[in-house]
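Fold and contact review
So you can see what is in the structure, the chains are spelled out below.
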Amino acid sequence: MLDLQLVFKKMQEAIIEAGKEIMRLYENKEYKVDIKKDDSPVTTADFNSNRIIHSKLDIFSDIAFLSEEDIDDKKRLNSEYVFILDPLDGTSDFVNRDGSFSVNLALVYKGDPIISFIGLPALNSYCYAIKDKGCYEVNENKIRRLYCSKKRDDLILVESMTHTSSKEKEVYDKNRSRIKDIIKAGASTKAYYIASQKADVSIRYTSMTKEWDTCACDLIVKEAGGYFVDTNLKSFKYNKEDVYNHDGYCMFNIKENIDLIK
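Residues numbered from 1 in each chain as written. Predicted model: local features only at pLDDT ≥ 70, side-chain atom pairs only at ≥ 80, totals over all residues. Heavy atoms only, no water.

What to know about the side chain of E137
- Take E137: it is sitting in strand β8 (residues 134–139).
- The exposure class of E137 is buried, given its relative accessible area of 6%.
- Only 2.9 Å separates the side chain of E137 from the side chain of Y192, close enough to count as a polar contact.
- Not counting chain neighbours up to four residues away, the residues in contact with E137 comprise S125, Y126, C127, K142, I143, R144, L146 and Y192. (Helix = DSSP H or I, 4+ residues; strand = E, 2+ residues; numbered from the N terminus. Buried < 20%, exposed > 50% of the residue type's maximum accessible area, 1.4 Å probe, protein only. Polar contact = N/O pair within 3.5 Å; in protein donor to acceptor, adjacent residues only side chain to side chain. Contact = heavy atoms within 4.5 Å.)

Listed below in structure tokens is the structure:
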């Protein structure tokens, strides 16, 4: 029987330690930048964070791993439980030194996230969600519960720091009467913004994100009372053989605001 309390504790320790290492490298500029085959950047911080998190979680032999910085072991497809990890989400933001990067870590059971963490190293905080038990932020050892807003108008839309599309602009232009402001945030900080009422909506028309980009965000937004779907308004399943999110993703403070893209 899997001890989920112990799993949560070790995930929490992993997020904290990885965040400290990322910020040590970031502040001292002690990192190397390489380019992957898909032309995306990868840094020393990605690899060090991945190593730290594995060192905490590899004790759970019954839980498979899917990480951006590991070779994909398809044996995970036969496992009910899997950790899904992006050890540095928003590597471009890290390299650009805009502070808008995160660490994404989720425990998935039979395709659904049940524990999620988003580490926010530059903010010295992290948020977590447990299925059916809510979403929380921890900052300087102070814990507060997070709730999405309930707004239908005067919406704040959060878009990517580095990637936008003409289709997204069309949605924004069509709904100018309801969208009060557009702000930018990198990586999974967008999910944190929505869960903490710093923003209300985010829409990403892209086929380039993967499960580790969305899995932790999914539960964080839902447990804060929001709605997380792809651009066809379908829910996500995780630990699939094909890890790409071919139909992008959307985050809404409330379900009713899906009419923004209908």
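Details of the nonpolar core
- By size, the foremost hydrophobic cluster in this structure holds 35 residues, and its most contacted members are I84, I118, C135, I220, F228, Y238 and M251.
- When residues of this core are assigned to their parent elements, the largest contribution, seven residues, is made by helix α6 (residues 211–223).
- When neighbours within four sequence positions are excluded, F228 is seen to be in contact with T214, C217, D218, V221, K222, F236, Y238, Y249, C250 and M251.
- Core analysis: the second largest hydrophobic core is formed by 34 residues, I22, Y26, F101 and V138 among them. (Core = buried A, V, L, I, M, F, W, Y, C linked by side-chain atoms within 4.5 Å.)

Some thoughts on the sheet that holds strand β4 (residues 81–89)
- On the basis of which strands lie adjacent, the open sheet formed by seven strands has the order β3-β4-β5-β6-β7-β8-β9 and mixed pairing. Each end of this open sheet is capped by a strand with a single partner; those strands are β3 (64–67) and β9 (142–145). Geometrically, the sheet is characterised by an average inter-axis angle of 15° between neighbouring strands, direction not taken into account.
- Here helix α1 (residues 4–28) sits on the sheet in contact with β4, β5 (102–109), β6 (112–120) and β7 (125–130), set at roughly 25° to β6.
- Contacting β3, β4 and β5, helix α2 (residues 44–57) runs over the sheet at an angle of about 150° to β4. (Pairing = 2+ DSSP bridges. Axes fitted to C-alpha atoms, helices over the stretch in contact; angles between N-to-C directions.)

A few points about the pattern of salt bridges
- Scanning the entire structure with this criterion turns up 22 salt bridges.
- Between K110 and E80 there is a salt bridge, and its shortest N-O distance comes to 3.7 Å. Here K110, found in the loop between β5 and β6, pairs with E80, found in the loop between β3 and β4; they are 30 residues apart in sequence, far enough to count as distant.
- Residue class for E80 comes out partly exposed when judged on its relative accessible area of 43%.
- Taken together, the salt bridges that share partners define one network made up of K10, E13, E17 and K56. (Salt bridge = Lys/Arg side-chain N within 4 Å of Asp/Glu carboxyl O.)

Brief notes about the pairing of β4
- Within β4, nine of the nine residues are buried, leaving the element largely enclosed by the surrounding structure.
- Of the strand pairs in this sheet, β3 and β4 are connected by four bridges, and their pairing is parallel. In the sheet register, F65 faces β4, and the bridge partner there is F83.
- Bridge count between β4 and β5: seven bridges; the pairing is antiparallel. Paired with D86 across the strands is N104, a residue of β5.

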